[in-house]
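Examination of the molecular architecture
For reference, the chains in residue letters:
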Amino acid sequence: MITDDRAVNPRATRTARARRPRRGRGLVAAAATVLTALTAIMALGAWLPGLPVLGLAGTFVMGQYQVYIALGALVATALAVVAWRLGPRRTGRALTVLAALAAAGSLVVVGECLVLAHRLGAPISWAQVLTQLEQPGVRPDATVRYARVAGHDLLMDIYLPAVRSPAARPAVVWAHGGGFTSGDRADRKGTARWLAERGYPVFSVEYRMPRDTGTPTWDEEPQDLACALEWVRSHAADYHVTPGGIALAGESAGAALALTVAYRLSAHTMTSSCGAAPAPPAAVIGFYPVADLASTWDRDVLSNRRTARQSLGGSPAQYPGRYRAVSPIDQVRRGLMPTLLFVGSDDHIVGTDRVRALHDRLDAADVNNRLVVLPHSDHDFDQAYGSIGAQISRHVALGFLRRVHGS
């Protein structure tokens, strides 16, 4: 005789059916809880950047992925509403309120970024925002050795316009970041390719660092960048570059090097690692520059002091002259070239206040300069190539180069 288990054991069947909704409610509540917690932490840190740990995490993540945090918070809100309806109601209500606050806070951040983009005339590609979460996998058109110094080959990646016009054009010599002790010349390869596609060849250089030599390289790094500048100028005809239209640029430590080299060449206070000092560049661009190295020692965020010891050999008290020699804020004088500065509103690494102070000193010296502050952003806000801040900064940098060179 054939029997049906459901008929034989109706109580077990009812129990199994009852477990399914409870399991579903538990999964929804768990998903809502996790997503709400993550987005709320990021939003809280972005709005309260002074909070220990949370402030640093929130501004770093929100500065690059603000749209993703906002979308995550909206999904968290929807899940929390479902959890509220399925019960228990008290937990669901609390999750809904917290998720809604996270969504509101992150949407305001996105809104402020879009307002800045509109004010600066920067078009925003939403396809890039949603898909370009890091630097794109582009390759340089060529890699050359621009110098051999103390037994080290110094290389340079070259990004050229797709349309090779015989007419000479301005160019950009780029110094990578990495706290003067790390990093790679390909760090901003997406930005380099983007500028090249718009008519500005980019020469992204490497320079000697303590990881290679085992000794402080505070005086060698600027000289290597000056050497690279001269190499580009001496090979201008090969790449159809205007010798007098070269700009120095860089991010973080590379921005500090670009600014320091530009200002010291203008003041005739430095030489090159491959000969006489070249003529100063036509302009300089600094993405979140280490404007004041002594200040980064004082704040000591994410191993600032360790990298300072490697690069400069010790503390500001031990080597005040070294710190001044490589701090752009101490090189400001009248007659400097046009300068463009970018910084996040909450840069924990280099200190937004120090970049503002550099801007103020340039103003006081009547130097043509501009400072763009990205809202609710920290260091490396342009590492995510498609972020709103990255798109804004590329647009503004291009406009700056065009104005400087009258193109």
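Scroll up a little and you will see the structure.
Residues numbered from 1 in each chain as written. Predicted model: local features only at pLDDT ≥ 70, side-chain atom pairs only at ≥ 80, totals over all residues. Heavy atoms only, no water.

Notes on unusual backbone geometry
- For A150, which is not a glycine, the phi torsion comes out positive at approximately 50°.
- Structurally, the position occupied by A150 is in the loop between β1 (142-149) and β2 (152-159).
- Notably, D366 is not glycine yet its phi reads approximately 60°, a positive angle.
- Here D366 is to be found in the loop between α13 (352-364) and β8 (369-374). (Helix = DSSP H or I, 4+ residues; strand = E, 2+ residues; numbered from the N terminus.)

Topic: the packing of helix α6 (residues 189-197) against helix α14 (residues 388-404)
- For the pair α6 and α14, interaxial distance at closest approach is 11 Å and the crossing angle is 45°. Relative to α14, the element α6 is oriented oblique. Our pair here, α6 against α14, has a crossing hand that is right-handed. Contacts between α6 and α14 involve T191, W194 and L195 from the first element and R394, H395, L398 and L401 from the second.
- For the contact of α6 with α14, the class distribution of residues is four nonpolar, two polar and one charged. (Axes fitted to C-alpha atoms, helices over the stretch in contact; angles between N-to-C directions. Parallel < 35°, antiparallel > 145°, perpendicular 65-115°, else oblique. Left-handed = near helix turned anticlockwise from the far one by under 90°. Contact = heavy atoms within 4.5 Å. Nonpolar A, V, L, I, M, F, W, Y, C, P; charged D, E, K, R; others polar.)

Some thoughts on the side chain of R233
- By secondary structure assignment, the location of R233 is in helix α8 (residues 220-234).
- Look at R233 and you get buried, because its relative accessible area is 16%.
- Of the polar contacts made by the side chain of R233, one reaches the backbone oxygen of A279; its length is 3.0 Å.
- In contact with R233, other than residues within four places in its own chain, are P243, I246, P278, A279, P280 and P281. (Buried < 20%, exposed > 50% of the residue type's maximum accessible area, 1.4 Å probe, protein only. Polar contact = N/O pair within 3.5 Å; in protein donor to acceptor, adjacent residues only side chain to side chain.)

Observations regarding the nonpolar core
- M156, V173, F203, F342 and I392 are the most contacted members of the largest nonpolar core, which has 101 residues in total.
- Per-element tally for this core: the top contributor is helix α9 (residues 253-267), with nine residues.
- Dropping the residues within four chain positions of it, F203 is found in contact with M156, D157, I158, A171, V172, V173, W174, W231, V232, Y239 and V241.
- A43, A46, M62 and I69 belong to the second-largest nonpolar core, a separate cluster that totals six residues. (Core = buried A, V, L, I, M, F, W, Y, C linked by side-chain atoms within 4.5 Å.)

Let's talk about the state of the cysteines
- Following the criterion strictly, the structure yields one disulfide and no others.
- A sulfur-sulfur separation of 2.0 Å characterises the disulfide bridge that pairs C227 with C274. Residues C227 and C274 share a disulfide whose torsion about the S-S bond is about 120°; that sign makes it right-handed. With a gap of 47 residues between them, C227 in helix α8 and C274 in the loop between α9 and β6 (283-287) connect regions that are remote in the sequence. (Disulfide = S-S within 2.5 Å.)

Considering the side chain of T217
- Here T217 lies in the loop between α7 (210-213) and α8.
- Among the polar contacts made by the side chain of T217, one reaches the side chain of E221 at a distance of 3.0 Å.

With respect to a positive patch on the surface
- On the surface, R85, R89, R90 and R93 cluster together to form a positively charged patch.
- In this structure, R89 sits in helix α4 (residues 89-120). (Patch = residues over 30% accessible without salt bridge, like charges linked within 9 Å, V, L, I, M, F, W, Y side chains within 5 Å. Areas by Shrake-Rupley, 256 points an atom, 1.4 Å probe, with all protein chains shown as cover. Salt bridge = Lys/Arg side-chain N within 4 Å of Asp/Glu carboxyl O. Lys, Arg positive; Asp, Glu negative; His and termini not counted. Charge placed at Lys NZ, Arg CZ, Asp CG, Glu CD.)

Points about α4
- Its 32 residues place the ends of α4 46 Å apart at the C-alpha level, agreeing with the 46 Å of an ideal helix rising 1.5 Å per residue.
- At the C-terminal side of α4, G121 shows a positive phi close to 70°. (Expected span 1.5 Å × (residues − 1).)

Here we look at a nonpolar patch on the surface
- Among the surface-exposed residues, I41, L44, W47, L48, L54 and V108 lie close enough to one another that they form a single nonpolar patch of about 460 Å² accessible area.
- Examining the composition of the nonpolar patch, we find that three residues originate from one element, helix α2 (residues 10-47), more than from any other.
- With respect to the helices and strands, the residue I41 is situated in helix α2.
- Take I41: its relative accessible area is 32%, and that puts it in the partly exposed class.

Some thoughts on the layout of surface pockets
- The space that makes up the largest pocket amounts to roughly 430 Å³.
- Listed by contribution, the elements that provide at least two residues to the lining of the largest pocket are α10 (293-299) and α11 (304-312).
- When residues in the lining of the largest pocket are grouped by element, the largest group, five residues, is from α11.
- For the lining of the largest pocket, the residue count by class is ten nonpolar, ten polar and five charged.
- Of the pockets and cavities examined, the second largest pocket occupies roughly 160 Å³.
- Lining the second largest pocket are P123, S125, Q128, W194, R198, Q391, R394, H395 and L398.
- Class assignment of the residues belonging to the lining of the second largest pocket gives a composition of three nonpolar, four polar and two charged. (1 Å grid on protein atoms, 1.4 Å probe; cavity = no way out; pocket = protein on both sides within 12 Å on 5 of 7 lines; lining within 4 Å. Points joined across faces, edges and corners; volume = space filled by probe spheres on them.)

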